[in-house]
Amino acid sequence: MFIKQIARVVGVFALLSAMCAHAQFAKPEDAIKYRKAAMTIMNTHFARIAAMAQGKIPFDAKVAQDNEEVFATVSKLPWSAFGEGTDKGDTKAKAEIWSDQAKFKAAQDKLLAESLKLNAAVKTGKLDDLNVAFKGVGAACKGCHDGFKDK
Ligand code: ASC
């Protein structure tokens, strides 16, 4: 009986800590470093796709797919690193991230939606599809930066 109660309490704590997304970072500066690193990787892989879509480098469907795969995965990572206390320090994050969380979440959802379209586009293997989808993702990046990132 008593054991069951302990198990229940432990379970509740585990759930609470899982819900507390920024608990994975020991210090705010760790979270800031993490989200910047994720965005650097997003930029690297998105830029390769963009270069192909814009005809700056030769189009290779396999290369586009490989880069999209990394982008899709890593673009899910930054958001949990905008927790409490990470508004100060070595960051260009605007206060609006915390004061208008619904809008910030909507900007993340927009990126996810455009990213899914990019995923569909790289699968067709057609440069025209890539060209349309990469613009959607780029607009989502820019939209969020315009609203939530200092120059
Ligand atoms: C990138 C990058 C962005 C977007 C944006 C598109 O490669 O780092 O923030 O594309 O410039 O307009």
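My aim in this report is to walk through the structure given alongside it, one point at a time.

**Notes on the site of the ligand**
- What surrounds the ligand is the set Asn43, Phe46, Gly138, Cys141, Lys142 and His145.
- Here an oxygen atom of the ligand and a side-chain polar atom of Asn43 are 2.7 Å apart.
- In the model, an oxygen atom of the ligand is placed 3.3 Å from a nitrogen or oxygen of the His145 side chain.
- Here the ligand is seated within the largest pocket.
- If one sorts the elements of the shell around the ligand by residue count, helix 6 (residues 127-148) sits on top with four residues.
- Here the residues of the shell around the ligand are counted per class, giving two nonpolar, three polar and one charged.

**Some words on the layout of surface pockets**
- Taken as a whole, the largest pocket holds about 660 Å³ of empty space.
- Contributing to the lining of the largest pocket are 27 residues, with Arg35, Lys36, Met39, His145 and Lys149 lying nearest its centre.
- Along its surface, the second largest pocket is lined by Trp79, Ser80, Phe82, Gly83, Glu84, Ile97, Trp98, Gln101, Phe104, Lys105 and Gln108.
- Put simply, the parts of the chain that give the lining of the second largest pocket at least two residues each are helix 4 (96-99) and helix 5 (101-124).
- It is helix 5 that provides the largest number of residues to the lining of the second largest pocket, a total of four residues.

**What about the packing of aromatic side chains?**
- Counted under the stated rule, the structure contains eight aromatic pairs.
- With centroids separated by 5.1 Å and ring planes inclined at 75°, the aromatic side chains of Phe82 and Phe104 adopt a geometry described as edge-to-face. Placement of the pair is Phe82 in the loop between helix 3 (61-74) and helix 4 and Phe104 in helix 5, with a sequence separation of 22 residues. Of the two residues, Phe82 and Phe104, both sit in the buried class.
- Among the aromatic side chains, those forming a connected cluster through ring pairs are Trp79, Phe82, Trp98, Phe104 and Phe148.

**A word on the nonpolar core**
- In terms of nonpolar packing, the biggest core is built from 27 residues, with Phe71, Phe104, Leu111, Leu118, Leu130 and Phe134 touching the most fellow members.
- Contributions of two or more residues to this core are made by helix 2 (28-53), helix 3, helix 5 and helix 6.
- In contact with Leu130, not counting residues within four places along its chain, are Ile49, Met52, Ala53, Phe59, Ala64, Leu118, Ala121 and Val122.

**Overview of helix 2**
- The terminal C-alpha atoms of helix 2, which comprises 26 residues, lie 37 Å apart, in line with the 38 Å expected from a rise of 1.5 Å per residue.
- Of all the residues in helix 2, the buried ones are Ala31, Ile32, Arg35, Ala38, Met42, His45, Phe46, Ile49, Ala50, Ala51, Met52 and Ala53.

Calculation notes
Residues numbered from 1 in each chain as written. Predicted model: local features only at pLDDT ≥ 70, side-chain atom pairs only at ≥ 80, totals over all residues. Heavy atoms only, no water. Near = heavy atom within 4 Å. Polar contact = N/O pair within 3.5 Å; in protein donor to acceptor, adjacent residues only side chain to side chain. 1 Å grid on protein atoms, 1.4 Å probe; cavity = no way out; pocket = protein on both sides within 12 Å on 5 of 7 lines; lining within 4 Å. Sits in = over half its atoms within 2 Å of the grid points. Helix = DSSP H or I, 4+ residues; strand = E, 2+ residues; numbered from the N terminus. Nonpolar A, V, L, I, M, F, W, Y, C, P; charged D, E, K, R; others polar. Points joined across faces, edges and corners; volume = space filled by probe spheres on them. Phe/Tyr/Trp six-rings, centres within 6.5 Å; stacked < 30°, edge-to-face > 60°. Buried < 20%, exposed > 50% of the residue type's maximum accessible area, 1.4 Å probe, protein only. Core = buried A, V, L, I, M, F, W, Y, C linked by side-chain atoms within 4.5 Å. Contact = heavy atoms within 4.5 Å. Expected span 1.5 Å × (residues − 1).

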